[in-house]
Amino acid sequence: MTDDFAKYLRKQNLSYSTVKSYLYAVRQFDTQHGAPTKKNLREHREWLIQSYRPRTVNLRLRAVNCYLESIGKEKWKLKFIRVQQKPFAENVISEADYAHLKNSLKRDGEWAWYFIVRFFAATGARVNELTKIKVEDVKLGHMELYSKGGKVRRIYIPKCLQEETLSWLGGKHQDSGFLFLNKYGAPISPRGISGQLKKFAARYNIDPDVVYPHSFRHRFAKNFMERSSNIAFLADLMGHENIETTRVYLRKTGAEQKELVDRTVDW
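Because the structure is a prediction, the values reported are computed rather than measured. (Residues numbered from 1 in each chain as written. Predicted model: local features only at pLDDT ≥ 70, side-chain atom pairs only at ≥ 80, totals over all residues. Heavy atoms only, no water.)

A. Spatial organisation of the environment of L179. Take L179: it is sitting in the loop between α9 (159–171) and α10 (190–203). Residue L179 is classed as buried on the basis of its relative accessible area, which comes to 1%. Sequence separation of L179 and E136 is 43 residues, and the distance between their C-alpha atoms is 8.9 Å. Residues in contact with L179, not counting those within four places in the same chain, are F119, I133, K134, V135, V138, T165, W168, L169 and Q174. (Helix = DSSP H or I, 4+ residues; strand = E, 2+ residues; numbered from the N terminus. Buried < 20%, exposed > 50% of the residue type's maximum accessible area, 1.4 Å probe, protein only. Contact = heavy atoms within 4.5 Å.)

Here's what the structure looks like:
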């Protein structure tokens, strides 16, 4: 069951992590039910709802639906459950904390990490995307990513960041290859980035809950929306297939909402 599905997924140009999670979800279904039928598909959906959070349920259902596509059973696809969006964006690093972090890294000569933080916040790249950026992309001013169906997404590198990065690269005589490397000279891993960011949060007295890779992506989106009302373009920059996903950045964070209430309510 999963061997044929794995071959199908490899042809879909999906990321390694997506293939891994889809296979896990289908193995989970196979272990509990064996061959799919309308009845056990419904039962599996109910079990997922009782066992996991809504977002996880939908991720597992997406995997099962993809499997159904692979065996020509599209009509058996399961309906996703509705995920209630919160009225505010959570755990987004503030502009002040972002400035404090990048300035502290620069002051302490942590240049690679300074640029990692800068690239996150100035490009909106996901952590797995950031690890793939090469010097050649910096010279070009953008990186192109290819997704399922042959779609192309372009991550732009703003001119100010491009020039600063090229100056840094020139100083260490690097003119090609991956931009961010670990101590062994290999591309740094997403886990390595996440772990080190938490250490810097502790060093610089910043709430660790807001210092993680995706937080800077949120910062990019919120800053972009504050300076531009073009939400459709932001959705393209973020790689969102549904513009509704992007609308969360029109909302204030919980801390911003609290500050606004404190300033407004004096009665």
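More follows now that the structure is in view.
B. The arrangement of the pattern of salt bridges in detail. Across all of its chains, the model carries eleven salt bridges by this definition. The closest approach of N and O atoms between K106 and E164, which form a salt bridge, is 3.8 Å. On the criterion of sequence distance, the pair formed by K106 in helix α5 (residues 95–107) and E164 in helix α9 is long-range, its members being 58 residues apart. Across the salt bridge formed by E144 and R154, the nearest N and O atoms sit 2.5 Å from each other. Of the two residues, E144 sits in strand β1 (residues 142–146) while R154 sits in strand β2 (residues 152–156), which places them ten residues apart along the sequence. Given the relative accessible area of 33%, E144 is considered partly exposed. Each of K106, R118 and E164 takes part in one network of salt bridges that share partners. (Salt bridge = Lys/Arg side-chain N within 4 Å of Asp/Glu carboxyl O.)

C. Region of the structure containing the environment of K7. Within the fold, K7 resides in helix α1 (residues 2–10). C-alpha separation for the pair K7 and S70, spaced 63 residues apart in sequence, amounts to 9.8 Å.

D. Highlighting the packing of α5 against helix α6 (residues 111–123). Closest axis-to-axis distance for the α5/α6 pair is 8 Å, and the angle between their directions is 155°. With respect to α6, the axis of α5 lies roughly antiparallel. You can see that α5 and α6 cross each other, and the crossing is left-handed. Between α5 and α6, the residues in contact are Y98, L101, K102, L105 and K106 and W111, W113, Y114, V117, R118 and A121, respectively. Its residues assigned to classes, the contact of α5 with α6 comprises eight nonpolar, no polar and three charged. (Axes fitted to C-alpha atoms, helices over the stretch in contact; angles between N-to-C directions. Parallel < 35°, antiparallel > 145°, perpendicular 65-115°, else oblique. Left-handed = near helix turned anticlockwise from the far one by under 90°. Nonpolar A, V, L, I, M, F, W, Y, C, P; charged D, E, K, R; others polar.)

E. Structural view of the nonpolar core. In this structure, F119 and F216 are the most contacted members of the largest nonpolar core, which totals 38 residues. Mapped onto this core, the elements with two or more residues apiece are α5, α6, α7 (127–130), α8 (135–140), β1, α9 and α10. Considering each element in turn, this core owes the most residues, nine residues, to α6. When neighbours within four sequence positions are excluded, F216 is seen to be in contact with I93, Y98, L101, V117, F120, A121, L197 and V211. Membership of the second largest hydrophobic core comes to eleven residues, among which are L9, V19, A25 and Y67. (Core = buried A, V, L, I, M, F, W, Y, C linked by side-chain atoms within 4.5 Å.)

Without other data, these values stay purely geometric and don't point to any function.
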